[in-house]
Structures are given as C-alpha cells and as structure tokens.
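Read off the chains here:
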Amino acid sequence: AGYIYQAISSDKGFTWTEPVPSSVANPGSKSQVIRMNPEGPLLLAFNDHKVGTVKDVNGTNVKLPPKCVTVLSLAISEDEGDTWKRVGVLRGGAAPGLRFHYPWMLQMGCKVLVA
C-alpha cells in the first residue's frame, strides 16, 4: 500500500498486466480516473498522501491522527497514466476522524464536477 496501483490493457480491457505501484501516493482509499473529452488527457481524483502521513507546507512528513484520510487532490496525465502532474487540492487538513474520500467526477462541457 501507500501508492495507487495500475494495470494496463492493450486489447480494450480483455486482458490486463499485473498491477504495479504508480508514482501517485495514496493511503489505500478510493480514487477515480476519467478521460477528458474523447481524446483528451486523464484526470485523477485521489487522496494525496500515504497511510498515516501527510506533507505540511514545508514538505515535511507529519503523522496523521488515526482514521484520518485527507488531502483530496486532482492530477492530470498527458501520457496515458505514465506520469501525473498535480493540478489542485480540493480539500486538505488533518484532524481526528477527518475524511475526504470516495471522490466522484463528471465532465460537463468544459467543466468537471467533483463530489
């Protein structure tokens, strides 16, 4: 754990490679990927931290309180998920029991709704 795992299909989803860790940190919570427009980049909504830690404003790892899933972020990939660029933080913070997870996205024209 500690990262989002990815598998690749080259035959439209009939077969898949073995899952391997990506470069995207995650505490094991749900994430969602959508393709922007029919031929556009991938957009990922995810919790941007490993289990039990989060980076503070200085980039230092800080221990999170128990059951804290926070820092809901967005990242975009222009290369089919090989690399990801973080483009925004929707929610952040750390407090006992604080949770921002199970993201859901919908593209409507030039806008993306995230819940």
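Structural data are supplied above this passage.
Fair warning: this is a prediction, and the values are worked out from it, not measured in the lab. (Residues numbered from 1 in each chain as written. Predicted model: local features only at pLDDT ≥ 70, side-chain atom pairs only at ≥ 80, totals over all residues. Heavy atoms only, no water.)

Throughout the structure, instances matching the rule amount to one salt bridge. A salt bridge links glutamate 80 to arginine 35; the nearest nitrogen and oxygen atoms lie 2.9 Å apart. You can see glutamate 80 sitting in the loop between β7 (72–77) and β8 (85–91) and its partner arginine 35 sitting in strand β3 (residues 32–35), a full 45 residues away along the chain. Overall, arginine 35 belongs to the partly exposed group, its relative accessible area being 34%. (Salt bridge = Lys/Arg side-chain N within 4 Å of Asp/Glu carboxyl O. Helix = DSSP H or I, 4+ residues; strand = E, 2+ residues; numbered from the N terminus. Buried < 20%, exposed > 50% of the residue type's maximum accessible area, 1.4 Å probe, protein only.)

As for its placement among the helices and strands, asparagine 47 is situated in strand β4 (residues 42–47). With relative accessibility at 0%, the residue asparagine 47 sits in the buried group. Only 2.6 Å separates the side chain of asparagine 47 from the side chain of serine 29, close enough to count as a polar contact. (Polar contact = N/O pair within 3.5 Å; in protein donor to acceptor, adjacent residues only side chain to side chain.)

On to the sheet that holds β7, then. Strand order across the open sheet formed by four strands is β3-β4-β7-β8, with antiparallel pairing between neighbours. Strand pairing shows two members of the sheet lacking a second neighbour, β3 and β8, which therefore form its edges. On average, each strand axis in the sheet is inclined to that of its neighbour by 20 degrees, with strand direction left out of account. Bridge count between β3 and β4: four bridges; the pairing is antiparallel. Across the sheet, isoleucine 34 pairs through a bridge with leucine 43, a residue of β4. (Pairing = 2+ DSSP bridges. Axes fitted to C-alpha atoms, helices over the stretch in contact; angles between N-to-C directions.)

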